[in-house]
Amino acid sequence: MKKLQYVMVGGFLGAGKTTALARLARHYMDQGLKVGIVTNDQAEDLVDTNSLRSQGLPVEEVAGACFCCRFNDLVGSVESLEQRERPDVILAEPVGSCTDLVATVVQPLKDLYGERFAVAPYVVFFKPSHGLRILKREQNAGFSPKAAYIFLKQLEEADVIAINRLDELSTEEVEELTSLIEQEFPGTPILRVSAKTGEGFDTLSSVLNQEGEFGRKILQIDYDTYAEGEAEMGWLNSNIRVTSETEIELDTLLVDVVSRLQKQLASPDIEVAHLKAIGQTEASFGVANLVSNHTQPELSLASRSRAKELDLIVNARVSASPELLEEKVREQVTAATESVGASAEIRSLQSFRPGRPMPTHRYDVAVN
């Protein structure tokens, strides 16, 4: 019986994992393979899940905690996709604030389900906007040392590090990042890719198809520091119904919502890890996002559509209190919709700080 290929792509919040998974899914489908995707979040109403489904991709979501703490749900989601889609490849995207995934996900999969899954090398996407400052140990690195600890631990356990957003970087910036990563993580292969344009993805797919001694980097990790770093992040997921008597431009509204939130959260004490908004109508969808205080809001997927009714999902991962996030999201979504003559009905909203990671399994040594 042919094994199901399991491809998990890690990386910090805003590293570009969802865009990468969508591109990888199309790559495998172009080869005649069937694909299933499993997304992961601390709560429901995830932009990534809705974005991937809107692209016609089969998706299951593990919500409520990261893969490591919901390992059985991860396996159950894969089984649901197997029954429904008969995939050849499973693409999995863990929570962007999660680390220690080799010990808690990769090794358990290889040990307990080795007859079913062929686990690919673990590739971690590198986020330049925060990664450069963290690797240079800058005082204003954006996040506290405890949050930066998670960022670095994610890279430490990678079989391969992929510098993403190549289309946004100069040659000099890419060389500087490569040098810093080589110094910090000697011996770890480095790829240069752009999930947006597809540059470097032929090499990435070749790496993912390799077999060998992968997924064996068990971290020495302080779970107190890990938990405290993750808890510094305010988390918000919301689902909003927008209605108007006249048609509004979906893409303009999405960028406006994210831009207004960026301005309201602009503070030396607050750092944006990722802000995402997806707007969906019956016939189209668009996505806007922001990945740091020092970058600009981007329309990452354009709908080029107008509508009188749409569903708006906003996700925020910001080093701010959940209470502040909720206040600003409610306020700025209302302001953005009213500015185009529309009204907003918040159907659901969750804001919180992630709880302490409590893995279902954790292997102290690599067994497979």
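Scroll up to find the structure.
Reading the values: the criteria
- Residues numbered from 1 in each chain as written.
- Predicted model: local features only at pLDDT ≥ 70, side-chain atom pairs only at ≥ 80, totals over all residues.
- Heavy atoms only, no water.
- Buried < 20%, exposed > 50% of the residue type's maximum accessible area, 1.4 Å probe, protein only.
- Helix = DSSP H or I, 4+ residues; strand = E, 2+ residues; numbered from the N terminus.
- Pairing = 2+ DSSP bridges.
- Salt bridge = Lys/Arg side-chain N within 4 Å of Asp/Glu carboxyl O.
- Axes fitted to C-alpha atoms, helices over the stretch in contact; angles between N-to-C directions.
- Parallel < 35°, antiparallel > 145°, perpendicular 65-115°, else oblique.
- Contact = heavy atoms within 4.5 Å.
- Nonpolar A, V, L, I, M, F, W, Y, C, P; charged D, E, K, R; others polar.
- 1 Å grid on protein atoms, 1.4 Å probe; cavity = no way out; pocket = protein on both sides within 12 Å on 5 of 7 lines; lining within 4 Å.
- Points joined across faces, edges and corners; volume = space filled by probe spheres on them.
- Expected span 1.5 Å × (residues − 1).
- Arc of directions from axis to C-beta.

(A) Representation of the pairing of strand E1 (residues 4–11). Within E1, 8 of the 8 residues are buried, which leaves the element mostly enclosed by the surrounding structure. The alternating pattern of E1 places Leu4, Tyr6, Met8 and Gly10 on one face and Gln5, Val7, Val9 and Gly11 on the opposite face, and all of these are buried. Pairing of E1 with strand E5 (residues 117–119), which is carried by 3 bridges, proceeds in the parallel orientation. Within the sheet, the bridge partner assigned to glutamine 5 lies in E5 and is alanine 118. As paired strands, E1 and strand E4 (residues 89–92) are joined by 4 bridges and run parallel to one another. Pairing of glutamine 5 across the sheet is with valine 89, part of E4. Across 3 bridges, the pairing between E1 and strand E6 (residues 123–126) is parallel. From the neighbouring strand, glycine 11 faces E6, where its bridge partner is phenylalanine 125.

(B) Representation of the pattern of salt bridges. Per the counting criterion, the structure on display carries 28 salt bridges. Its salt-bridge partner being aspartate 364, residue arginine 362 comes within 3.3 Å of it at the nearest N-O pair. Relative accessible area serves as the criterion here: at 30%, arginine 362 is assigned to the partly exposed category. What makes aspartate 364 exposed here is its relative accessible area of 61%. Residues participating in the shared-partner salt-bridge network are Arg241, Glu309, Asp311 and Arg347.

(C) The packing of helix H1 (residues 17–30) against helix H8 (residues 201–208), seen in detail. At a minimum axis distance of 11 Å, the contact between H1 and H8 shows a crossing angle of 75°. Taken together, the axes of H1 and H8 are roughly perpendicular relative to one another. Counted together, Ala20, Arg23, Leu24, His27 and Tyr28 of H1 and Phe201, Leu204, Ser205 and Leu208 of H8 form the full contact between these two elements. For the contact of H1 with H8, the class distribution of residues is 6 nonpolar, 2 polar and 1 charged.

(D) Geometry of the layout of surface pockets. When its volume is computed, the largest pocket comes out at roughly 610 Å³. Residue lining of the largest pocket: 38 residues in total, with Gly16, Thr18, Thr19, Asn289 and Ser300 positioned closest to the centre. Looking at the lining of the largest pocket, the elements with two or more residues in it are H1, strand E2 (35–41), helix H2 (47–54), strand E10 (272–280), strand E11 (285–290) and strand E12 (298–301). Counting residues per element, the lining of the largest pocket draws most heavily on H1, at 6 residues. Residues that form the lining of the largest pocket fall into these classes: 12 nonpolar, 13 polar and 13 charged. Taken as a whole, the second largest pocket spans an internal volume of roughly 450 Å³. Phe117, Ala118, Val119, Ala120 and Glu211 are, among the 23 residues lining the second largest pocket, the residues nearest its centre. Looking at side-chain class alone, the lining of the second largest pocket contains 10 nonpolar, 8 polar and 5 charged residues.

(E) Structural view of the sheet that holds E12. One open sheet accounts for 6 strands, arranged E12-E11-E10-E13-E9-E14; its pairing is antiparallel. Single-partner strands in this sheet number two, and they are E12 and strand E14 (342–352). Taking each pair of neighbouring strands and ignoring which way they run, the sheet shows an average axis angle of 20°. Of the pairings in the sheet, the one linking E10 to strand E13 (residues 306–318) comprises 8 bridges and is antiparallel in character. In the sheet register, alanine 277 faces E13, and the bridge partner there is valine 314. Packed on one face of the sheet, helix H10 (residues 250–264) meets strand E9 (234–249), E10, E11, E12 and E13 and runs near 20° to E11. Together, E9, E13 and E14 form the strand contacts of helix H11 (residues 322–338), whose direction differs from that of E14 by roughly 165°.

(F) A look at helix H7 (residues 171–184). Its 14 residues place the ends of H7 20 Å apart at the C-alpha level, agreeing with the 20 Å of an ideal helix rising 1.5 Å per residue. Taken together, the buried positions of H7 are Val174, Leu177, Thr178, Leu180 and Ile181. For H7, the angular spread of the buried residues around the axis is 165°, confining them to a single face. With respect to the buried face of H7, the exposed residues turned more than 90 degrees away are Thr171, Glu172 and Gln183.

Nothing here speaks to function; it is geometry throughout.
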